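What the coordinates show
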Amino acid sequence: MSREICVHSWPCSYYLEPEKRWVPGKLSLTSRSLRFMTDKTGETLVSFPLSSVVEIKKEASHFVFSSITILENSGPKHWFSSLQPSRNAVFSIIEHFWRELLLSPPEAALPMTKGKQLTGLMTCSQKRLEETARVLHHQGEQLDSITRGLDKMESDLDVADRLLTELESPSWWPFSSKLWKMPAETNPKESTSMASPKVLGKEGVVVRIPAVISQGNASHVKAGSLTILVSGLEIHDSCSLLMHRFEREDIDDIKVHTPYEISIRQRFIGRPDIAYRLISAKMSEAIPILEVQFSKKMELLEDALMPRSARSSSPIEKGCSVWQAASGLMDRAMPHEPCSGSQEGPSLQLQRSEPLISEGDAQELRQSSVQFFQ
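Residues numbered from 1 in each chain as written. Predicted model: local features only at pLDDT ≥ 70, side-chain atom pairs only at ≥ 80, totals over all residues. Heavy atoms only, no water.

As a further point, take the overall build of the protein. The number of helices and strands found in the protein is ten helices and 15 strands. Taking all 374 residues of the protein together, 31% fall into the buried category. Sequence separation of 24 or more characterises 45% of the internal contacts of the protein that already satisfy a separation of 6 or more. A total accessible area of about 24,300 Å² is found for the protein, and carbon and sulfur atoms account for 57% of it. (Helix = DSSP H or I, 4+ residues; strand = E, 2+ residues; numbered from the N terminus. Buried < 20%, exposed > 50% of the residue type's maximum accessible area, 1.4 Å probe, protein only. Contact = heavy atoms within 4.5 Å. Areas by Shrake-Rupley, 256 points an atom, 1.4 Å probe, with all protein chains shown as cover.)

Structure, rendered in structure tokens:
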């Protein structure tokens, strides 16, 4: 301490805790330490390095005398009062040297070799890359969530547009286009009996599976089948009579409760929704195709997520099945030319000449199927 250069010294008083009294003396500051010496004997009562100081504060002793308190790391709290020329001046100087000591770099060690420097740079780069990867992963999850939200909003907007169209053009309005569709909707069984199963298959049947069907009350169920078409869905009873046909644009949501159970709903304003619940042991063949056709309207519930992830089939088999289903869907979506020797009537030829969906929709389905099994 005596070898260090004294930066400044101030007359002051130090509070001696064991004797409960103030002792006059002089406070000396060096670049690395503080020391207090008494006026009478010149004895050093307190001496400690600045590096051990934890806190320097301005306080009042007994609510009267302005003081400076210095707290050491795991040590006592020192009180200095009656500082001259002023408490603020002494406090500013001591605090300045204390902060500079804390902010100064440690003493220079042995020079590092090039190998150690490169290793340090590689370690820092690795840490930065890991942090960047975590941030990018988090941003990717946020983008996925935003995409799902936009798809849901688009689906809801389609539903709202359809419902508003029904409100603007009710069925009883003489100029409404729905007036001409009412006979076909009210007599589904007659339209089914007129079309043979062979003709239905050529109109775009992608897959047909047996199912147990319930509508409204779950206690009333009946056997039947679910038919997935290019243009929509059809539900038949055990006698192959049409129970209901969902056009593709009329379906509002399809919920997958389990790998064997789904529910299909069409919303309405002013009357009950049309909803069917289907259970089938072969539902696993239909769900991938539904995901391709109705990707924006599908909703996988929690009970359906775990079993699907634990299936025994390999991802390659899943991708192939979806690709085959989508390929068949594309083939049926394209118009077919009638054979020269065909004996079918002109109405069937007219049905064949008209494409079920546009070329733009077919391209969109191709892209969706490719993204699904990748």
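Once that is clear, we can look at unusual backbone geometry. The step from Gln 84 to Pro 85 runs through a cis peptide bond, and the omega angle for that step is 10 degrees. Here Pro 85 is to be found in the loop between β7 (77-81) and α1 (87-103).

Looking now at the packing of aromatic side chains. All chains considered together, the criterion is met by five aromatic pairs. Ring centres of Tyr 14 and Phe 36 lie 5.4 Å apart, and the angle between their planes is 35 degrees; on these two criteria the pair is classed as tilted. On the criterion of sequence distance, the pair formed by Tyr 14 in strand β1 (residues 6-16) and Phe 36 in strand β3 (residues 33-38) is long-range, its members being 22 residues apart. Each member of the pair, Tyr 14 as well as Phe 36, carries the same accessibility label: buried. Through pairs of rings, three or more aromatic residues link up here, namely Tyr 14, Phe 36 and Phe 80. Between the NZ or CZ atom of Arg 271 and the centre of the ring of Phe 268, over which it lies, the distance is 3.8 Å. (Phe/Tyr/Trp six-rings, centres within 6.5 Å; stacked < 30°, edge-to-face > 60°. Lys NZ or Arg CZ within 6 Å of the ring centre and 35° of its normal.)

Before going further, it helps to examine the side chain of Ser 280. As for its placement among the helices and strands, Ser 280 is situated in the loop between β14 (274-279) and α6 (283-293). At a separation of 3.1 Å, a polar atom in the side chain of Ser 280 contacts the main-chain amide nitrogen of Lys 282. Apart from residues no more than four positions distant in its own chain, Ser 280 is found in contact with Ile 209, Pro 210, Ala 211 and Tyr 260. (Polar contact = N/O pair within 3.5 Å; in protein donor to acceptor, adjacent residues only side chain to side chain.)

By the element assignment, Glu 72 lies in strand β6 (residues 65-72). There is no salt bridge for the buried Glu 72, and the closest opposite charge comes from Lys 77, which lies 13 Å off by N-O distance. At 3.3 Å, the side chain of Glu 72 and the side chain of Ser 52 are in polar contact. Residues contacting Glu 72, with those up to four places away along its chain left out, are Phe 48, Ser 52, Val 53, Val 54 and His 78. (Lys, Arg positive; Asp, Glu negative; His and termini not counted. Salt bridge = Lys/Arg side-chain N within 4 Å of Asp/Glu carboxyl O.)

What follows is about α6. Of all eleven residues making up α6, nine are buried, and the element is well covered by its neighbours. Among the residues of α6, those classed as buried are Met 283, Ala 286, Ile 287, Pro 288, Ile 289, Leu 290, Glu 291, Val 292 and Gln 293.

Right, let's get into the confidence of the model for the protein. Low-pLDDT portions of the prediction should not be read for the details of their coordinates. Averaged over all residues, the pLDDT of the protein equals 75, while 67% of them reach at least 70. The spread of mean pLDDT over the elements of the protein runs between helix α5 (residues 197-202), the lowest at 41, and β3, the highest at 92. For the stretch residues 307-323, pLDDT sits under 50, and the model shows 17 contacts to residues farther than four places along the chain or on other chains. Predicted confidence for residues 332-354 stays below pLDDT 50, and this span has 25 contacts to residues more than four positions away or in other chains. (pLDDT = per-residue confidence, 0-100.)

Glancing now at the pairing of β3. As judged from the five bridges shared by strand β2 (residues 21-30) and β3, these two strands associate in the antiparallel manner. Note that in β3 the partner of Ser 28 across the bridge is Arg 35. The turn joining β2 and β3, which pair antiparallel and follow one another in sequence, is formed by two residues. Hairpin remark: β3 followed by strand β4 (residues 44-49), antiparallel, with five residues in the connecting loop; positive phi at Gly 42, about 75 degrees. (Pairing = 2+ DSSP bridges.)

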